[in-house]
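# Secondary and tertiary structure notes
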Amino acid sequence: MIITEELNKIFRTDVVETTALDKVNLQVAKGEFVAVMGPSGCGKSTLLNIIGLPDNPSNGKYFFNNVEVSKFREKDRANLSTTIVMVTHSPAHAERANRIVQLFDGHIVTENNIRN
């Protein structure tokens, strides 16, 4: 199971601070097929990079199979990442999804169950 609580991701440079994810709360049950959709720049890839474990959130919590992995080091994340399967940038896969999560401006704006 995947659970995020108040997940944030902020990218900073010397000049600008960009909030890519802002307090994202999400639950994905084991075996559930979820499509994450939204316009370009809304935070889809950032969310998937955190869920897929290449990256950590700036703030908030991420639980994978009841273990908080939000603060795991890169090596520890790599050991877990082989158990998560994601297909990105393919709208055709949304047809098979159990649920569609739509992001806009770093926030989940809608969640729709398609089938049980």
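In short, a report on the structure. Since we're looking at a predicted model, the values are computed, not measured.

Attention now goes to the pattern of salt bridges. Inspection of every chain in the model, using the stated rule, returns three salt bridges. Across the pair Lys9 and Asp55 runs a salt bridge whose closest N-O atoms are separated by 3.3 Å. Placement of the pair is Lys9 in strand 1 (residues 2–12) and Asp55 in the loop between helix 1 (44–51) and strand 4 (59–64), with a sequence separation of 46 residues. As a salt-bridge pair, Arg12 and Glu17 come within 2.9 Å of each other at their nearest N and O atoms.

Spatially, the four strands line up as an open sheet ordered 2-1-4-5, and their pairing is antiparallel. Whereas interior strands pair on both sides, the edge strands pair on one side only; in this sheet they are strand 2 (17–28) and strand 5 (67–68). One ladder, built from five bridges, connects strand 1 with strand 4; its direction is antiparallel. The residue bridging Ile3 from the neighbouring strand is Phe63, located in strand 4. Taken strand by strand, helix 1 contacts strand 1, strand 2 and strand 4, and its axis lies near 60 degrees from that of strand 2.

The subject of this paragraph is the pairing of strand 4. Pairing geometry for strand 4 and strand 5, over two bridges, is antiparallel. Across the sheet, Phe63 pairs through a bridge with Glu68, a residue of strand 5. In sequence, strand 4 turns back onto strand 5 through a hairpin of two residues, with Asn65 there showing a positive phi of about 50 degrees.

The biggest cluster of nonpolar side chains holds 17 residues, and the ones touching the most others in it are Ile2, Leu7, Leu21, Leu26, Leu47, Ile51 and Tyr62. Of all elements in the fold, only strand 1, strand 2, helix 1, strand 4 and strand 6 (99–104) reach the threshold of two or more residues within this core. Ranked by the residues each element gives to this core, the list is headed by strand 2, at four residues. Every residue in contact with Ile2, bar those within four places of it in the chain, is listed here: Leu26, Gln27, Val28, Ile51, Tyr62, Phe63 and Phe64.

Thresholds applied
- Residues numbered from 1 in each chain as written.
- Predicted model: local features only at pLDDT ≥ 70, side-chain atom pairs only at ≥ 80, totals over all residues.
- Heavy atoms only, no water.
- Salt bridge = Lys/Arg side-chain N within 4 Å of Asp/Glu carboxyl O.
- Helix = DSSP H or I, 4+ residues; strand = E, 2+ residues; numbered from the N terminus.
- Pairing = 2+ DSSP bridges.
- Contact = heavy atoms within 4.5 Å.
- Axes fitted to C-alpha atoms, helices over the stretch in contact; angles between N-to-C directions.
- Core = buried A, V, L, I, M, F, W, Y, C linked by side-chain atoms within 4.5 Å.
- Buried < 20%, exposed > 50% of the residue type's maximum accessible area, 1.4 Å probe, protein only.

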